[in-house]
Amino acid sequence: MTEGGLRGNRYESAHHKGTKTQRTICTKCGERAIISQRYSGQHLCRDHFVQDFERRVADTVQKNNMVRDGERISVAVSGGKDSTALLFCLRRILAKRDVELVAVTVDEGIAGYRDDTIEAAKAIAQQLGIEQHIVSFREEYGYELDEMVPGKKVAPCTYCGVFRKSALNQAAKRLGTDKVATGHNLDDEAQTIMMNYLKGDIERLMRFRPWRAQRGLVPRIKPLREMPEKEIALYCMVNEVFTESRECPYAQLSLRADVRDMLNTLESQFPGTKHSTLQGFEKIVARAQGSYAQMELAACKECGEPCVKVLCKACELLESLKN
Ligand code: SF4
Ligand SMILES: [Zn+2]
Ligand SMILES: [Zn+2]
């Protein structure tokens, strides 16, 4: 997400026609709108946008029973806009509840990218007075991501995803937290669903929405899963929280990048496409869940983390790296 995206006409308050400026007015109060949500037909001023954003995140948390009183939650904070917005927003919407947030930052070891995002993650945790822990691939697995990928057939994002998931799970257990919250947004969710459709991988698609807790796996929650990426960037901007906006150098190498471009094109032609992709998937899950049994997980014989076979995915990849 670049700043340029925010300047796109859907997120501008004023449309310029020659020298004439036409103001868009908030649907709720008549103040100047800072966003037009084409998928909902609403125009919102700053205050109503923030209110609408936080109400929708709170609804997602509540309807999915994501958080219970007395819980301690690890929030995966990379310093990018999604996780920064997640920490900021959760702190606000859970302020009156007996819930403790802990920021966990994973340093994958990506030169020229991760150092800056880690500084941004430290800054937001400090600003909000939230305890923060940093875990690195180097300390956990002996390699940085940059050392893992050269000359390999496996895509960098595969290594990164597997090791990050494992590192977050282990950190959550060490820190005694009950859940791991991640900043996945509507765009991420729609992309993952579409990628699994395109690959015809229905088992994986069903695993994407686990319906019960699994042994050894700290339950993961995604409070921003219904929020569009661009609104998350705007939420950070209007709340004046600094985020690091550069893109990971490996991002363009994945199928996800193509699916993202396709969904963005469809969304601009047919507003609401990303929401309907997610809603359609939820309907399929509700009907098909019983037909796809959720596997019992075993403990990895190397590291004890949950796995389907003898070794967990992280240990399998580590083995292949050593060979
Ligand atoms: S784009 Fe891929 S390699 Fe980069 S941080 Fe994301 S998952 Fe990791
Ligand atoms: Zn308003
Ligand atoms: Zn293992």
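Here, the structure is the one placed above.
Keep in mind that this is a model prediction, so the values were computed, not measured.

Chemist: Before we go on, may I ask you to explain the coordination of the zinc ion (ligand 3) in this structure?
Modeler: For a metal with four donors in a tetrahedral arrangement, the ideal angle between donors is 109.5 degrees, while six donors in an octahedron ideally sit at 90 or 180 degrees. Those donors, Cys 300 (SG), Cys 303 (SG), Cys 312 (SG) and Cys 315 (SG), are the protein atoms that reach the zinc ion (ligand 3), and they lie 2.2 to 2.3 Å from it. For the zinc ion (ligand 3), the 4 donor atoms are set out with angles of 107 to 115° between them, so the coordination reads as tetrahedral.

Chemist: How do you make sense of the coordination of the zinc ion (ligand 2) when you look at a structure like this?
Modeler: Only Cys 26 (SG), Cys 29 (SG), Cys 45 (SG) and His 48 (ND1) from the protein reach the zinc ion (ligand 2) as donors, at distances of 2.1 to 2.4 Å. Each of the 4 donor atoms around the zinc ion (ligand 2) contributes to a set of angles spanning 100 to 114°, which defines the coordination as tetrahedral. Mapped onto the polypeptide sequence, the residues donating to the zinc ion (ligand 2) form the spacing pattern C-x2-C-x15-C-x2-H. Taken as a pair, Cys 26 in the loop between strand 2 (20–23) and strand 3 (35–37) and Cys 45 in the loop between strand 4 (42–44) and helix 2 (46–63) lie far apart in primary sequence, 19 residues in all. A relative accessible area of 4% means that Cys 26 is categorised as buried.

Chemist: Explanation requested: the environment of Arg 72 in the structure shown.
Modeler: Looking at the secondary structure, you find Arg 72 in strand 5 (residues 72–76). With relative accessibility at 17%, the residue Arg 72 sits in the buried group. Each C-alpha atom, one on Arg 72 and one on Ala 172, is 9.6 Å from the other, the two residues being 100 residues apart in sequence. Non-local contacts of Arg 72, meaning those with residues more than four positions away in its chain, are made with Glu 100, Val 102, Glu 131, Leu 175, Gly 176, Thr 177, Asp 178 and Lys 179. Among the polar contacts listed, one links the side chain of Arg 72 to the side chain of Glu 100, at a separation of 2.8 Å.

Chemist: In this structure, what is going on with the site of ligand 1? I would like to understand it.
Modeler: Around ligand 1, a shell composed of Leu 145, Cys 157, Cys 160, Arg 164, Cys 248, Tyr 250 and Ala 251 is seen. The residue inventory of the shell around ligand 1, partitioned by class, reads 6 nonpolar, no polar and 1 charged.

Chemist: What is the right way to look at the pattern of salt bridges in this model?
Modeler: Between side chains of opposite charge, a pair can form as their charged atoms come close. With the rule as written, the count across this model stands at 29 salt bridges. One salt bridge in this structure joins Arg 46 and Asp 47, with 3.1 Å as the shortest N-O distance. The closest approach of N and O atoms between Arg 164 and Glu 108, which form a salt bridge, is 3.2 Å. Placement of the pair is Arg 164 in helix 7 (residues 156–174) and Glu 108 in the loop between strand 6 (100–107) and helix 4 (114–128), with a sequence separation of 56 residues. With a relative accessible area of 31%, Arg 164 lands in the partly exposed category. One salt-bridge network, in which partners are shared between bridges, spans Asp 52, Arg 55, Arg 56, Asp 59 and Glu 231.

Chemist: Could you clarify how one ought to interpret the sheet that holds strand 7 (residues 132–136) in this entry?
Modeler: Think of a sheet as strands paired side by side through backbone hydrogen bonds, with each pair either parallel or antiparallel. Read across the open sheet, the 5 strands follow the order 7-6-5-8-9; overall the sheet is parallel. Edge positions in the sheet fall to strand 7 and strand 9 (220–221), since each of these pairs with one other strand and no more. Relative to strand 8 (residues 179–181), strand 5 runs parallel, the two being bridged by 3 bridges. Looking across to strand 8, one finds that Ile 73 is bridged to Lys 179. The sheet contacts of helix 4 involve strand 6 and strand 7, and relative to strand 6 the element is tilted by about 170°.

Chemist: Please clarify how helix 2 should be interpreted in this entry.
Modeler: Owing to its 3.6 residues per turn, the α-helix brings residues three or four apart onto one side. Between the first and last C-alpha of helix 2 there are 26 Å, a value that for 18 residues agrees with the 26 Å anticipated at 1.5 Å per step. Within helix 2 the residues assigned to the buried category are His 48, Phe 49, Val 50, Asp 52, Phe 53, Glu 54, Arg 56, Val 57, Thr 60 and Val 61. Looking at the buried positions of helix 2, the neighbouring elements they touch are strand 3, strand 4, helix 3 (81–93), helix 10 (229–238) and helix 12 (273–288). With its phi angle positive at about 50°, Asn 65 sits one or two positions after the end of helix 2.

Chemist: Before we go on, may I ask you to explain the nonpolar core in this structure?
Modeler: Phe 49, Phe 53 and Val 75 are the most contacted members of the largest nonpolar core, which totals 38 residues. Every element with two or more residues in this core is listed here: helix 2, strand 5, helix 3, strand 6, helix 4 and helix 10. With 6 residues, helix 3 is the single largest residue contributor to this core. Aside from chain neighbours lying at most four places away, what touches Phe 53 is Cys 89, Leu 224, Met 227, Glu 231, Ile 232 and Tyr 235. In terms of nonpolar packing, the next biggest core, distinct from the first, is built from 34 residues, Leu 145, Leu 175, Cys 307 and Leu 318 among them.

Chemist: Help me out: how do you make sense of the packing of aromatic side chains in this one?
Modeler: Aromatic ring pairs are described here by two measures, namely the spacing of the ring centres and the angle between the planes. Throughout the structure, instances matching the rule amount to 6 aromatic pairs. Aromatic side chains Phe 53 and Tyr 235 sit 4.1 Å apart centroid to centroid with 10° between the ring planes, which places their arrangement in the stacked category. Separated by 182 residues along the polypeptide, Phe 53 in helix 2 and Tyr 235 in helix 10 bring together distant segments of the chain. By relative accessible area, which is 0% here, Phe 53 ends up buried. Relative accessible area serves as the criterion here: at 1%, Tyr 235 is assigned to the buried category. Within the aromatic cluster, the residues linked to one another by ring pairs are Phe 49, Phe 53, Phe 88 and Tyr 235.

Quick notes on the rules
- Throughout this document, residue positions are counted from 1 along each chain, in the order its sequence is written.
- Here every chain gets a letter starting at A, and every ligand a number starting at 1, in the order they are written.
- Local features in this predicted model are restricted to residues of pLDDT 70 or higher, and side-chain atom pairs are both shown and tallied only at a pLDDT of 80 or more, whereas totals for entire chains, interfaces and linings draw on every residue.
- The side-chain numbers reported here are obtained from all heavy atoms of the structure, hydrogens and water having been left aside.
- For Na, K and Ca the donor cut-off is 3.2 Å, and for all other metals it is 2.8 Å, counting N, O and S atoms only; because water is absent from this set, sites may look incomplete.
- The geometry test gives tetrahedral to four donors whose angles all lie between 85 and 135 degrees, gives square planar to four donors and octahedral to six donors whose opposite members are over 155 degrees apart with all other angles between 65 and 115, and gives irregular to the rest.
- Helix and strand assignments follow DSSP, with helices taken as H or I runs no shorter than four residues and strands as E runs no shorter than two, numbered in order from the N terminus.
- Exposure is judged per residue with a 1.4 Å probe applied to protein chains only, and the accessible area is read against the type maximum: over 50% gives exposed, under 20% gives buried, and values in between give partly exposed.
- Residue contacts are counted whenever heavy atoms from the two residues lie within 4.5 Å of one another.
- Whenever two N or O atoms come within 3.5 Å, that pair is a polar contact, provided that in protein one can donate a hydrogen and the other can accept it, and provided that, for residues adjacent in sequence, both atoms are side-chain atoms.
- Any residue with a non-hydrogen atom lying within 4 Å of a molecule or strand is treated as near it.
- Polar here means any residue other than Ala, Val, Leu, Ile, Met, Phe, Trp, Tyr, Cys and Pro, which are nonpolar, and Asp, Glu, Lys and Arg, which are charged; Gly is therefore polar.
- Each salt bridge in this description consists of a side-chain nitrogen of Lys or Arg and a carboxyl oxygen of Asp or Glu lying within 4 Å of one another.
- Here a strand pair is declared whenever DSSP counts at least two bridges between the two strands.
- To obtain each axis, a line is fitted to C-alpha atoms, and for helices this fit is confined to the stretch in contact; angles are then taken between N-to-C directions over 0 to 180 degrees.
- How far a helix is expected to stretch is found by multiplying one less than its residue total by 1.5 Å.
- In this description, a nonpolar core means a group of buried Ala, Val, Leu, Ile, Met, Phe, Trp, Tyr and Cys residues linked to one another through side-chain atoms lying within 4.5 Å.
- Within 6.5 Å between ring centres, the rings of Phe, Tyr and Trp (the latter by its six-membered ring) count as paired, and their orientation is classed by plane angle as stacked under 30 degrees, edge-to-face over 60, tilted in between.

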